[in-house]
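Fold and contact review
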Amino acid sequence: QVQLVESGGGLVQPGGSLRLSCVVSGRTFDKAIMAWFRRAPGKEREFVARSGADTSYRGSVIDRFTISRDNAKNTLYLQMNNLSPEDTAIYYCAAGRPEKLYPVTVLDCQDWGQGTQVTVSS
């Protein structure tokens, strides 16, 4: 069974930083297209970043978030800097469907982690 386990969330003040991790098991990772999504209170789950055929970010996180991966550890990362309250959300790790090279919607992904809560508040 494919497993994706996120960690690294927590409470941070505006301007602070967090690094999220996603450990993947049960599937090939080194050539997998991976992505981060998030769901803020009262909002739909939205694309944050992806890593694979290309690297891409949603506009509101450009120059603040960095997606990376360690294939030897089957781990995906999201470094988040200069956080603001608008970044408060549950963050999810996801694996893209085999035919989807550039996932941007939840339907483009097939495997999901349980999510990790990020709260940005003073």
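Residues numbered from 1 in each chain as written. Predicted model: local features only at pLDDT ≥ 70, side-chain atom pairs only at ≥ 80, totals over all residues. Heavy atoms only, no water.

What follows covers the overall build of the protein chain. Helices and strands together make up the secondary structure of the protein chain, namely zero helices and eleven strands. Mapped in sequence order, the helices and strands of the protein chain form the string β-β-β-β-β-β-β-β-β-β-β. Taken along the three principal axes of its C-alpha coordinates, the protein chain extends 40 × 25 × 25 Å. Classification of the 122 residues of the protein chain by burial places 43% in the buried group. Considering only contacts in the protein chain between residues 6 or more positions apart, those separated by 24 or more positions represent 58%. Just so you have it, the protein chain exposes about 6200 Å², and 47% of that area is on carbon and sulfur atoms. Here the protein chain contributes 14 positive and 12 negative side-chain charges, whose respective centroids are spaced 2 Å apart. (Helix = DSSP H or I, 4+ residues; strand = E, 2+ residues; numbered from the N terminus. Buried < 20%, exposed > 50% of the residue type's maximum accessible area, 1.4 Å probe, protein only. Contact = heavy atoms within 4.5 Å. Areas by Shrake-Rupley, 256 points an atom, 1.4 Å probe, with all protein chains shown as cover. Lys, Arg positive; Asp, Glu negative; His and termini not counted. Charge placed at Lys NZ, Arg CZ, Asp CG, Glu CD.)

Before going further, it helps to examine the sheet that holds strand S7 (residues 65-70). Hydrogen bonds between backbone groups are what pair the strands of a sheet, and the pairing can be parallel or antiparallel. The strand order S1-S3-S8-S7 describes an open sheet built from four strands, whose pairing is antiparallel. Across the chains shown, the open sheet's two edge strands, defined by having one partner strand only, are strand S1 (3-7) and S7. Here the strands of the sheet are splayed against their neighbours by 15 degrees on average, with no regard to which way each runs. Sheet topology places strand S3 (residues 18-25) next to strand S8 (residues 75-80); six bridges connect them, and they run antiparallel. (Pairing = 2+ DSSP bridges. Axes fitted to C-alpha atoms, helices over the stretch in contact; angles between N-to-C directions.)

A separate point is the state of the cysteines. Counted according to the given criterion, the structure contains one disulfide. Two residues, Cys 22 and Cys 93, share a disulfide whose sulfurs are 2.1 Å apart. One disulfide, between Cys 22 and Cys 93, carries an S-S torsion of -75 degrees and so falls in the left-handed class. Of this pair, Cys 22 sits in strand S3 while Cys 93 is found in strand S9 (residues 89-96), placing the two residues 71 residues apart along the sequence. Cys 93 carries the same exposure label as Cys 22, and that label is buried. Looking at Cys 109, it has no disulfide partner, and the nearest cysteine sulfur is the one in Cys 93, 9.2 Å off. Exposure remark for Cys 109: the relative accessible area of 3% places this residue in the buried category. (Disulfide = S-S within 2.5 Å.)

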